[in-house]
Amino acid sequence: MKEMTIKDLTEILKEKNVKPSLQRLKILEFLLQAHNHPTVDEIYSSLTKDIPTLSKTTVYNTLNIFIEAGLLKVVNIENTESRYDAIPEEHGHFKCRECGKIYDFHFDMNLIDSQVPSGFIVSEKDVFFKGVCKECLNKK
Ligand SMILES: [Zn+2]
Ligand SMILES: [Zn+2]
């Protein structure tokens, strides 16, 4: 992922009609750089050193604004906690049951379309696989 400047980030928010406050810019920057599908707690604890005035409520509210603006998706792999994904392209997820990591992989979502019963309209597509990742397999 290429380095994002504050100017780039401001543009992204403006394009979606989101007011670019410093906290929002910081949260967006973090989400675009962290490709590990962070939870709210992870986002909050990573940014609170940088922004001591940040509250968890602000993080929640900001994430909801981003979701409504289409900048962010909630990844519901486990129903215990929401994880957030700011990668704009459609992609599949693979959760490793050993290390718990969630990997992104390229997936052609058009493949799904041909499987949808006729007369149905799809509004969301998710592809999840669970198993053991390469790293964990190599450790054995
Ligand atoms: Zn693993
Ligand atoms: Zn992802």
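Up top is the structure these notes are about.
As a starting point, this report considers the structure included with it. Within each chain, residues carry numbers counting from 1 in the order of the written sequence. For this description, chains carry letters from A and ligands carry numbers from 1, given in the order in which they are written. With the structure being a predicted model, the display of local features is reserved for residues of pLDDT at least 70 and the display and counting of side-chain atom pairs for 80 or more, all residues being used for whole-chain, interface and lining totals. Neither water nor hydrogens contribute to the side-chain values; these are computed over all heavy atoms in the structure.

### Observations regarding the coordination of the zinc ion (ligand 2)
Shown as donors are all N, O and S atoms within 2.8 Å of a metal ion, widened to 3.2 Å for Na, K and Ca; because water is not in the atom set, sites may appear incomplete. Those protein atoms acting as donors to the zinc ion (ligand 2) are H37 (NE2), D85 (OD), H91 (NE2), H93 (NE2) and D104 (OD), and they sit at 1.9 to 2.2 Å. Summarised as a motif, the one-chain spacing of the donors to the zinc ion (ligand 2) is H-x47-D-x5-H-x1-H-x10-D. Both residues of the pair, D85 and H93, count as buried. For each residue, the accessible area found with a 1.4 Å probe, counting protein chains only, is set against the maximum for its type, and the residue is called buried under 20%, exposed over 50%, and partly exposed in between.

### Topic: the layout of surface pockets
Of the pockets and cavities examined, the largest pocket occupies roughly 430 Å³. Grid points spaced at 1 Å and placed over the protein atoms alone form the basis of the search, with a cavity being a set where a 1.4 Å probe fits but cannot get out and a pocket an open set showing protein on both sides within 12 Å along at least five of seven lines. Lining residues have an atom within 4 Å of a point. Taken together, 25 residues line the largest pocket, and the ones lying closest to its centre are L71, A86, I87, P88 and E89. Helix and strand assignments follow DSSP, with helices taken as H or I runs no shorter than four residues and strands as E runs no shorter than two, numbered in order from the N terminus. Going through the elements one at a time, α2 (22-33) and β1 (73-75) are the ones with two or more residues in the lining of the largest pocket. The element that contributes the greatest number of residues to the lining of the largest pocket is β1, accounting for 3 residues. Here the residues of the lining of the largest pocket are counted per class, giving 14 nonpolar, 3 polar and 8 charged. Grid points are joined across faces, edges and corners, and a volume is the space filled by probe spheres set on the points. Only Asp, Glu, Lys and Arg are considered charged in this grouping, and only Ala, Val, Leu, Ile, Met, Phe, Trp, Tyr, Cys and Pro are considered nonpolar; every other residue, Gly among them, is considered polar.

### Observations regarding the nonpolar core
For this analysis, a nonpolar core means a set of buried residues of the types Ala, Val, Leu, Ile, Met, Phe, Trp, Tyr and Cys, connected via side-chain atoms within 4.5 Å. Counting residues in hydrophobic clusters, the biggest one holds 24 residues, and the most contacted among them are I27, L31, I43, L63 and F66. Sorting the residues of this core by element identifies α1 (6-15), α2, α3 (40-47) and α4 (56-68) as the ones contributing at least two each. Per-element tally for this core: the top contributor is α2, with 6 residues. The residues contacting L63, other than those within four sequence positions of it, are I27, L31, V40, I43, L72 and Y84. Whether two residues touch is decided by their heavy atoms; if any such pair falls within 4.5 Å, the residues are in contact.

### Comments concerning the sheet that holds strand β3 (residues 92-96)
If DSSP finds at least two bridges between two strands, the strands pair. Spatially, the 3 strands line up as an open sheet ordered β4-β3-β5, and their pairing is mixed. Each edge of the open sheet carries a strand with a single partner, namely β4 (102-105) and β5 (128-131). Taken over all neighbouring pairs, the strand axes of this sheet differ in orientation by 25° on average, direction set aside. Relative to β5, β3 runs parallel, the two sharing 4 bridges. Looking across to β5, one finds that K95 is bridged to K130. Note on geometry: axes are lines fitted to C-alpha atoms, helical ones only across the stretch in contact, with angles between N-to-C directions running from 0 to 180 degrees.

### Thoughts on the packing of α2 against α3
To describe two helices that pack against each other, one gives the angle between their axes and the distance between the axes. The contact between α2 and α3 brings their axes to 11 Å, and the two run at 115°. Pair α2 / α3 crosses with right-handed handedness. Of the residues in α3, those touching α2 at K26, I27, F30 and L31 are E42, I43, S46 and L47. A class-by-class count of the residues in the contact of α2 with α3 yields 5 nonpolar, 1 polar and 2 charged. Two helices that cross are described as forming a left-handed crossing if the nearer one is turned anticlockwise from the farther one by less than a right angle, and a right-handed crossing if clockwise.

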